[in-house]
Amino acid sequence: MTERKQRVAVLGSTGSIGVNTLDVLERHPDRFSVFALSGHSRIDLLFTQCLAHQPQFVVATDSGASKQLQSRLAAAGSPTQVLPGHEALDEVAAHPEVDVVMAAIVGSAGLSSCIAAARAGKRLLLANKEALVVGGSFFMDAVRVGNATLLPIDSEHSAIFQSLPTDRALWPTVVDKIILTASGGPFRSRDPATLFEVTPAQACAHPNWSMGRKISVDSATMMNKALEVIEAKFLFGLDASRIEVIIHPQSVVHSMVQFVDHSVVAQLGVPDMRGPIAYGLSWPQRIASGTQALDFSAMAGLSFETFDSGLHRTRFPGLRLAWDALAAKPGTTAVLNAANEIAVAAFLEGRIRFDQIHAVNQATLEGFTFTSPVSLPDILALDEGARAHAQQLMQGLSR
Ligand code: NAD
Ligand code: MG
């Protein structure tokens, strides 16, 4: 019997993960069809994607962009319907004809559509880590209540998921710790005293991965790893003390699980996001991803540095905020994420220095007072409030 095609909504299709997702989908036209796309800017690319994939819907979240896209698609005789605004993201994520939702929007802007997909019981492929860092246990509750299938796309979390036993009930008793690998980004060996002068272009020049600008800056500060520690805690339900970070500059070992017998299972591959994307799309099966095979004969060596060696704690002060935020009251991870989104945007726009990103994050965690959220609207309000607090803090900073 031939199975029917899985209908996929790619939210954030114009970004790095979105483009890689479409690349994998194009390799398997017999298995998947594109039901919906979304983009915020880069309307030329969104237009081209619509002509190539002929989705039923395209969501253009920026209102100016949506009108422009509508007239261009109409002129091209495209059958794709344009839906404007963020509410339309929730609509397509929960649409009865959608089987799979790729959550590839950057930042907390993607939270609402993730929750909509989770509540509607979709296969939810989560690249948008900020959504889980902000939504926390509410996000996981929505997955449970909606009976959704949540699959990690972040390469580290995909590696951990691939290394864990299939039976989730075993996780709490068999896992000793999760070891997240981190490349160390472009400033792994840089003198921490000179970090104040780095430019956005230098911060975005990642040695191993080609990614969007926000996650590239997060990789340079290692706030990306902090967000990933929080993501791992919620995804795998393990205590934060069982999550460790180790620097591995080659990005070949994508992460590891150490079991109670001290056996370690790791997942390896070339650094190419099409690997975890293909795994999320096909799990529990496997499909071709377009990723190159590892060439062990050409591998110069794999190295590891503990976070405690050298100057890493001085160089990357933000990493520790993950454990601080997880130890504090519920909602604190959302506050940390909000501050970081605001600070990174300001750094990319040249309004604050690179080292001030951490200053804003820490000061927001210390100075912003709030009541723990008890609902999704509470979380969205908390996100807003923490952003406003961080914005205000930045006005007192001198460059
Ligand atoms: P990107 O900046 O390349 O793309 C982001 C996408 O989100 C674009 O389609 C953009 O139009 C859309 N978008 C931006 N702001 C929006 C808003 N306010 N409302 C609606 N849509 C908006 O980012 P990326 O590198 O593809 O990363 C996407 C997500 O995946 C992030 O959460 C990132 O942390 C995560 N991730 C990325 C990689 C990677 O290799 N790029 C790896 C692991 C995890
Ligand atoms: Mg990652």
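Anything mentioned here points back to the structure above.
Rules used throughout
- Residues numbered from 1 in each chain as written.
- Chains lettered and ligands numbered in written order.
- Predicted model: local features only at pLDDT ≥ 70, side-chain atom pairs only at ≥ 80, totals over all residues.
- Heavy atoms only, no water.
- Donors = N, O, S within 2.8 Å, 3.2 Å for Na, K, Ca; no water.
- Buried < 20%, exposed > 50% of the residue type's maximum accessible area, 1.4 Å probe, protein only.
- Pairing = 2+ DSSP bridges.
- Helix = DSSP H or I, 4+ residues; strand = E, 2+ residues; numbered from the N terminus.
- Contact = heavy atoms within 4.5 Å.
- Axes fitted to C-alpha atoms, helices over the stretch in contact; angles between N-to-C directions.
- Parallel < 35°, antiparallel > 145°, perpendicular 65-115°, else oblique.
- Nonpolar A, V, L, I, M, F, W, Y, C, P; charged D, E, K, R; others polar.
- Phe/Tyr/Trp six-rings, centres within 6.5 Å; stacked < 30°, edge-to-face > 60°.
- Lys NZ or Arg CZ within 6 Å of the ring centre and 35° of its normal.

Participant: How would you sum up the coordination of the magnesium ion (ligand 2)? Please name residues and give values.
Facilitator: Each protein donor to the magnesium ion (ligand 2) is listed here as D154 (OD), E156 (OE) and E228 (OE); together their distances run 2.1 to 2.3 Å. Coordination of the magnesium ion (ligand 2) draws on donor residues from a single chain, spaced D-x1-E-x71-E in sequence. The exposure class of E156 is buried, given its relative accessible area of 8%.

Participant: Give me the lowdown on the sheet that holds strand 11 (residues 264-268), citing residues and values where you can.
Facilitator: For sheets, the rule is that strands pair by backbone hydrogen bonds, running either parallel or antiparallel. If you trace the five strands from one edge of the open sheet to the other, you get 11-10-8-9-12, paired in mixed fashion. In this open sheet, the two strands that pair with only one neighbour each are strand 11 and strand 12 (305-306). The pairing of strand 8 (residues 175-182) with strand 10 (residues 253-259) spans five bridges and is classified as antiparallel. Paired with V175 across the strands is F259, a residue of strand 10. Sitting on the sheet, helix 7 (residues 155-163) touches strand 8, strand 10 and strand 11, and the angle it makes with strand 10 is about 40 degrees. With respect to the sheet, helix 11 (residues 223-236) is in contact with strand 8 and strand 9 (243-247), its orientation differing from that of strand 8 by roughly 150 degrees.

Participant: If you had to explain the packing of helix 10 (residues 213-221) against helix 15 (residues 332-348) to someone new, which residues and values would you point to?
Facilitator: Relative to each other, helix 10 and helix 15 sit at 100 degrees, their axes nearing to 10 Å. When the axis of helix 10 is compared with that of helix 15, the two are roughly perpendicular. Mapping the contact onto sequence places R213, K214, V217 and D218 in helix 10 and N340, E341, V344, F347 and L348 in helix 15. Taken together, the residues of the contact of helix 10 with helix 15 break down into four nonpolar, one polar and four charged.

Participant: Go over the packing of aromatic side chains with me, naming the residues and quoting the values.
Facilitator: Inspection of every chain in the model, using the stated rule, returns seven aromatic pairs. Both rings, one in F35 and one in F57, keep their centres 5.7 Å apart while their planes meet at 70 degrees; by these two values the pair is edge-to-face. Linking F35 in strand 2 (residues 32-39) with F57 in strand 3 (residues 57-60), this pair joins segments that are 22 residues apart in sequence. Each of the two residues, F35 as well as F57, counts as buried. Between the aromatic rings of F187 and F354, the centroid separation amounts to 5.3 Å while the plane-to-plane angle is 85 degrees, which identifies the pairing as edge-to-face. With F187 in the loop between strand 8 and helix 9 (200-203) and F354 in helix 16 (residues 354-367), the pair connects residues that are 167 residues apart, well separated along the chain. Classification of F187 as buried rests on a relative accessible area of 4%. Its relative accessible area of 5% is what places F354 among the buried residues. What links up through ring pairs into an aromatic cluster is the set F161, Y279 and W283. Its guanidinium or amino end placed over the ring of F47, R72 lies 4.3 Å from that ring's centre, counting from NZ or CZ.

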